[in-house]
Amino acid sequence: MSLKFLKPIAFTVLIPLFGALLGSPYVAKADNPIVQTDFTADPAPMVYNDRLYVFTGHDEDGATYFTMKNWRLFSTTDMANWQDHGSPLSLAQFSWASTDAWAGQVVARNNKFYWYVPVRRSNGSMAIGVAVSNSITGPYTDALGKPLVENNEIDPTVFIDTDGQAYLYWGNPNLSYVKLNSDMTSYSGSIVRVTLTPSSFGTRPGATSQRPSAFEEGPWLMKRNNLYYMIFAANCCSENIQYSTGSSATGPWTYRGVIMSTQGSSFTNHPGIIDYRNNSYFFYHNGALPGGGGYQRSVSVEQFTYSSNGSIPSLTMASAGPPQIGTLNPFVRNEAETIAFSSGLKTEVASEGGMAVSFINNNDYIKVKGVAFGNGATSFSARVSSGTSGGQIQLRLGNQNGTLIGTCTVSGTGSWTTWTTVTCSISGATGTQDLFLKFTGGNSGYLFNFDWWQFTA
């Protein structure tokens with residue numbers, strides 16, 4: 001059954017807020033947060049086959065706590081337009097877990113992908129599980145049928161060193177690690193607890209003998225130019241992001257400073273750092289979407305440059321997002337859920353496979369950044385379905401009320417799972433432009449579902 005019949009009440013409230021706030025000229029230009037169709041948190045970036053993937057948590061609409069039931073996945077090749085891959089993993093895959101699908105990370109090895117996640121056991125304690133898939137986009141399944149490791153703490157980060165040794169760190173309020181075996185689903189030795197001191201992890205305001213350092217949670221372990229980095233959320237609450245460096249994956253650690261001070265409307269933050277296409281990116285979360293806050297968070301990203309000594313500069317949350325790498329080709333099939341920014345709509349699993357844009361109301365829109373039309377386009381095709389009377393897709397340049405280059409009419413198809421392809425003529429699309437797909441219609445309910453689109457030269 002289509003999710004049309006399961007519309008969340010909280011989303012009813014969110015739609016007018018999206019329309020009012022994102023419709024302003026300033027906000028419409030923003031590309032942070034990178035996802036607007038859902039609340040996302042705890043980013044874990046990963047590069048695979050020259051594509052950047054970001055695994056995230058998923059805050060439920062209207063939650064008043066960290067109510068999280070599944071994880072989400074998004075990807076990009078240009079740092080501007082992000083494809084929604086849905087939910088490759090949920091609590092349902094862990095028969096021994098009950099709640100709290102919190103911050104995890106994925107790593108590739110043995111021609112498989114391993115997703116390390118913290119979940120709450122049925123007995124109430126937190127444990128680290130591991131799921132596995134043959135594909136980076138999933139689906140993922142529980143690799144063990146039980147926890148991999150547990151000490152009632154959270155937030156795993158996984159790292160494979162150049163010598164092949166894999167490490168799993170995690171923790172709140174402590175920081176611990178194990179050495180993973182090559183199968184990535186077992187470990188050797190016992191859990192090692194890291195000694196947290198002000199010299200290694202900074203000084204905590206109001207420090208006590210039990211909590212002398214700034215370390216709070218959300219560790220992120222990485223290596224660059226033979227220097228090991230431990231980035232972490234510090235000083236709850238509200239948190240900031242700090243980091244330490246060391247000469248090995250197990251330290252000793254030396255405190256280096258603050259990367260991102262306390263900012264935004266979320267009282268937590270969570271780091272993830274990656275190099276992609278000769279640039280360095282810092283992922284984090286905030287509460288920047290309409291209706292957002294400490295329990296409805298949103299993943300964002302900033303580009304940065306390391307200092308010559310390897311230090312990371314101080315970064316500020318911004319709405320602009322990083323520069324786009326290259327352009328988007330409109331003359332191949334593009335998934336409708338590939339989005340630079342959007343207003344009002346959501347995504348769901350498509351009955352034809354993959355994901356589709358859904359929950360579309362009058363005046364909702366999608367922005368696709370940096371579309372390279374070249375010498376021009378003559379027609380536009382879209383794959384759609386509608387259980388109502390449909391609507392229109394207005395194709396505009398520059399902004400959601402910009403130059404109109406064509407309008408495609410979508411008629412009712414009889415059901416949300418009956419798909420058809422509609423085509424309309426295009427005029428005036430040349431050069432590289434930001435494309436806005438604006439959805440209109442007199443229907444007081446949802447207009448149509450939208451699977452993919454393509455221009456013809």
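These notes cover the structure that comes with them.

## Observations regarding the sheet that holds strand β30 (residues 403-410)
Backbone-to-backbone hydrogen bonds pair the strands of a sheet. The strands run either parallel or antiparallel.
Now for step 1: Ordered in space as β24-β27-β32-β29-β30, the five strands form an open sheet in which the pairing is antiparallel. Each of the sheet's edge strands pairs with one partner strand only, and the pair in question is β24 (341-343) and β30. Strand-to-strand twist across the sheet, computed as the mean angle between neighbouring axes with direction ignored, equals 20 degrees.

## Some remarks on the state of the cysteines
Chemically, a disulfide is nothing more than a covalent bond linking the sulfur atoms of two cysteines.
Now for step 1: This structure, assessed with the given rule, holds two disulfides.
Now for step 2: Covalent S-S linkage joins Cys 236 and Cys 237, the inter-sulfur distance amounting to 1.6 Å.
Now for step 3: For Cys 237, a relative accessible area of 49% translates into the label partly exposed.
Now for step 4: At a sulfur-sulfur separation of 2.1 Å, the disulfide partner of Cys 408 is Cys 424. Across the disulfide from Cys 408 to Cys 424, rotation about the S-S bond amounts to roughly -100 degrees, and the bridge is consequently left-handed.

## Things to note about the pattern of salt bridges
Now for step 1: Using the criterion set out here, one finds 15 salt bridges in the structure.
Now for step 2: Asp 31 is paired through a salt bridge with Lys 369; the nearest N and O atoms lie 2.9 Å apart. Taken together, the positions of Asp 31 in the loop between α2 (25-28) and β1 (39-48) and Lys 369 in strand β27 (residues 365-372) put the pair 338 residues apart, joining distant regions of the chain.
Now for step 3: Taking the relative accessible area as the measure of exposure, Lys 369 reaches 17% and is therefore buried.

## A word on the nonpolar core
Now for step 1: Ranked by size, the top nonpolar core spans 44 residues in total, and within it Phe 55, Trp 71, Trp 115, Tyr 140, Ile 231, Ile 273 and Phe 282 carry the most contacts.
Now for step 2: Sort the elements by how many residues they give to this core and strand β8 (residues 112-121) lands first, with four residues.
Now for step 3: Ignoring anything within four residues of it in the chain, the contact list for Trp 115 reads Phe 55, Trp 71, Arg 72, Pro 88, Leu 89, Gly 104, Gln 105, Val 106, Gly 129, Val 130, Ala 131 and Tyr 140.
Now for step 4: If you look at the next biggest cluster of nonpolar residues, it comprises 32 residues, including Val 357, Leu 395, Cys 408 and Phe 448.

## Digging into the sheet that holds strand β18 (residues 253-260)
Now for step 1: With respect to topology, four strands assemble into an open sheet ordered β15-β16-β17-β18, the strand pairing being antiparallel. Looking at strand neighbours, the two that pair on one side only are β15 (215-224) and β18, the edges of this open sheet. Direction aside, neighbouring strands of the sheet carry axes that sit 25 degrees apart on average.
Now for step 2: Pairing analysis gives seven bridges linking β15 to strand β16 (residues 227-234), with the strands arranged antiparallel. Paired with Phe 215 across the bridge in β16 is Ala 234.

## Points about the side chain of Ser 176
Now for step 1: The residue Ser 176 is located in strand β13 (residues 176-180) in this model.
Now for step 2: Residue Ser 176 is classed as buried on the basis of its relative accessible area, which comes to 1%.
Now for step 3: The residues contacting Ser 176, other than those within four sequence positions of it, are Asn 151, Leu 168, Tyr 169, Trp 170, Ile 191, Val 192 and Arg 193.

## Here we look at the pairing of β27
Now for step 1: Of all eight residues in β27, seven are buried; the element is thus mostly enclosed.
Now for step 2: Both β24 and β27 contribute to a ladder of three bridges, which runs antiparallel. Paired with Phe 341 across the strands is Lys 367, a residue of β27.

## Quick notes on unusual backbone geometry
Now for step 1: With an omega dihedral of 5 degrees, the bond running from Gly 138 to Pro 139 counts as a cis peptide bond.
Now for step 2: With respect to the helices and strands, Pro 139 occurs in the loop between β9 (126-133) and β10 (141-142).
Now for step 3: Here Met 79, not a glycine, exhibits a phi torsion of approximately 65 degrees, which is positive.
Now for step 4: Tracing the backbone through its elements, the reader meets Met 79 in the loop between β3 (70-76) and β4 (82-84).

## Re the environment of Ile 312
Now for step 1: Mapping Ile 312 onto the fold places it in the loop between β21 (298-304) and β22 (334-335).
Now for step 2: Classification of Ile 312 as buried rests on a relative accessible area of 6%.
Now for step 3: Sequence spacing of Ile 312 and Glu 239 is 73 residues, and the spatial spacing of their C-alpha atoms is 18 Å.
Now for step 4: Look past the residues within four positions of Ile 312 in its chain and what remains in contact with it is Tyr 229, Tyr 243, Ile 259, Ile 273, Phe 304 and Tyr 306.

## Quick notes on empty space enclosed by the protein
Now for step 1: Summed over the entire model, instances satisfying the criterion amount to three cavities of 30 Å³ or more.
Now for step 2: Taken as a whole, the largest cavity spans an internal volume of roughly 70 Å³.
Now for step 3: Contributing to the lining of the largest cavity are Ile 34, Val 35, Gln 36, Thr 37, Phe 74, Trp 82, Gln 83, Asp 84, Glu 337 and Ile 339.
Now for step 4: Broken down by element, the residue count for the lining of the largest cavity peaks at three residues, all from β4.
Now for step 5: When grouped by side-chain class, the residues that make up the lining of the largest cavity number five nonpolar, three polar and two charged.

The rules behind the values
- Residues numbered from 1 in each chain as written.
- Predicted model: local features only at pLDDT ≥ 70, side-chain atom pairs only at ≥ 80, totals over all residues.
- Heavy atoms only, no water.
- Pairing = 2+ DSSP bridges.
- Helix = DSSP H or I, 4+ residues; strand = E, 2+ residues; numbered from the N terminus.
- Axes fitted to C-alpha atoms, helices over the stretch in contact; angles between N-to-C directions.
- Disulfide = S-S within 2.5 Å.
- Buried < 20%, exposed > 50% of the residue type's maximum accessible area, 1.4 Å probe, protein only.
- Salt bridge = Lys/Arg side-chain N within 4 Å of Asp/Glu carboxyl O.
- Core = buried A, V, L, I, M, F, W, Y, C linked by side-chain atoms within 4.5 Å.
- Contact = heavy atoms within 4.5 Å.
- 1 Å grid on protein atoms, 1.4 Å probe; cavity = no way out; pocket = protein on both sides within 12 Å on 5 of 7 lines; lining within 4 Å.
- Points joined across faces, edges and corners; volume = space filled by probe spheres on them.
- Nonpolar A, V, L, I, M, F, W, Y, C, P; charged D, E, K, R; others polar.

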